Amino acid sequence: QLQLVESGGGLVQPGGSLRLSCAASGFTLDYYAIGWFRQAPGKDSEWVSAISGSDGSTYYAASVKGRFTISRDNVKHTVYLQMNSLRPEDTAVYLCAAATDPLATIAPTQYDYWGQGIQVTVSS
């Protein structure tokens, strides 16, 4: 089965860092566009970041630009979201998604496969 699995979430203090990982079961992520989304309780999903499946271009929501970095490790077939300078408003369930369209970016409808989500909580 095609499945994405996130890892690396948890509880962190404001100003701290976490690195989320996204790995695939049943296929390689190397040539898919990968997006990260987040959803806080009672709120709609928010696009966070994406990396192209073709040229490796990266994209960020204004709310995280300069603090988060998306990257690929094609040896480990994993996509990472490094989150620095975390704020309480970053608290959410984070989901990675893969798109067969390598140019997928912002819209959830562009993505074909989704992970189950992982909790990130930023709190003192």
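All of these numbers come straight from a predicted model, not from anything done at the bench.

Visitor: How should I be thinking about the overall build of the chain in this particular structure?
Guide: The number of helices and strands found in the chain is zero helices and eleven strands. By the compact-globule yardstick of 14 Å for 124 residues, the chain fits well, its C-alpha radius of gyration being 13 Å. The principal-axis extents of the C-alpha atoms in the chain amount to approximately 40 × 30 × 25 Å. Counting over 124 residues, the chain shows a buried share of 41%. Across the chain, every contact between residues at least 6 apart in sequence was considered, and the portion connecting residues at least 24 apart equals 58%. Of the roughly 6,200 Å² of accessible surface on the chain, a fraction of 50% belongs to carbon and sulfur atoms. With 8 positive and 10 negative side-chain charges, the chain shows a separation of 8 Å between the mean positions of the two kinds.

Visitor: Would you take a moment to explain the pairing of strand 8 (residues 78–83) for this structure?
Guide: Looking down a regular strand, the side chains alternate between one sheet face and the other. Across the six residues of strand 8, five count as buried, placing the element largely inside the fold. Of the pairings in the sheet, the one linking strand 3 (residues 18–25) to strand 8 comprises six bridges and is antiparallel in character. Note on strand 8: the bridge partner recorded for Ser21 is Tyr80. Bridge analysis of strand 7 (residues 68–73) against strand 8 gives six bridges, and the strand direction is antiparallel.

Visitor: I tried to follow unusual backbone geometry on my own but got confused; where do I start?
Guide: Glycine aside, residues mostly have negative phi angles, and peptide bonds mostly take the trans form. In this structure, His77 is a non-glycine residue whose phi angle is positive, near 55 degrees. Tracing the sequence through the fold places His77 in the loop between strand 7 and strand 8. We classify His77 as partly exposed; its relative accessible area is 37%. Its identity as a non-glycine residue notwithstanding, Ser85 has a phi of 50 degrees, on the positive side. Mapped onto the fold, Ser85 is located in the loop between strand 8 and strand 9 (92–99). Accessibility expressed as a relative area gives 40% for Ser85, which makes it partly exposed.

Visitor: In this structure, what is going on with the environment of Met83? I would like to understand it.
Guide: Mapped onto the secondary structure, Met83 falls in strand 8. For the pair Met83 and Val64, spaced 19 residues apart in sequence, the C-alpha to C-alpha distance is 8.5 Å. If sequence neighbours within four positions are ignored, Met83 has contacts with Gly16, Ser17, Leu18, Leu20, Arg67, Phe68, Tyr94 and Val120.

Visitor: Looking at this structure, I do not really get the packing of aromatic side chains. What am I missing?
Guide: By convention here, two paired aromatic rings are described through the distance between centres and the angle between planes. Scanning all chains against the criterion turns up six aromatic pairs. Both rings, one in Tyr32 and one in Tyr113, keep their centres 6.3 Å apart while their planes meet at 65 degrees; by these two values the pair is edge-to-face. Here Tyr32, found in the loop between strand 3 and strand 4 (33–39), pairs with Tyr113, found in strand 10 (residues 113–114); they are 81 residues apart in sequence, far enough to count as distant. Residue classification places Tyr32 among the buried positions, given a relative accessible area of 17%. By relative accessible area, which is 23% here, Tyr113 ends up partly exposed. With centroids separated by 4.9 Å and ring planes inclined at 45 degrees, the aromatic side chains of Phe37 and Trp114 adopt a geometry described as tilted. Taken together, the positions of Phe37 in strand 4 and Trp114 in strand 10 put the pair 77 residues apart, joining distant regions of the chain. For Trp114, a relative accessible area of 33% gives the class partly exposed.

How each quantity is defined
- The residue numbers shown here count from 1 along each chain, following its written sequence.
- Confidence filtering applies because this is a predicted model: local features only for residues at pLDDT of at least 70, side-chain atom pairs given and counted only at 80 or more, and all residues used for totals across whole chains, interfaces and linings.
- In computing side-chain values, all of the structure's heavy atoms are included and hydrogens and water are not.
- Each helix is a run of DSSP H or I of at least 4 residues and each strand a run of E of at least 2, with the numbering of both proceeding from the N terminus.
- The globule rule used here is 2.2 Å times the number of residues to the 0.38 power, and the radius of gyration it is set against is calculated over C-alpha atoms.
- Classification of residues uses two cut-offs on accessible area relative to the type maximum, computed with a 1.4 Å probe and protein chains only: under 20% is buried, over 50% is exposed, and between them is partly exposed.
- Between two residues, a contact is recorded if the distance between any of their heavy atoms is within 4.5 Å.
- The Shrake-Rupley method, run with a 1.4 Å probe sphere, supplies the accessible areas, and residue values consider only the shown protein chains as cover.
- For the charge count, each Lys or Arg is scored as positive and each Asp or Glu as negative, with His and the chain ends excluded.
- Note that the charge is assigned to NZ on lysines, CZ on arginines, CG on aspartates and CD on glutamates.
- For two strands to be treated as a pair, DSSP must find no fewer than two bridges joining them.
- When two rings of Phe, Tyr or Trp (its six-membered ring) have centres within 6.5 Å they constitute a pair, described as stacked for plane angles under 30 degrees, edge-to-face for angles over 60, and tilted for the intermediate range.

Taken by themselves, the reported measurements are silent on function.
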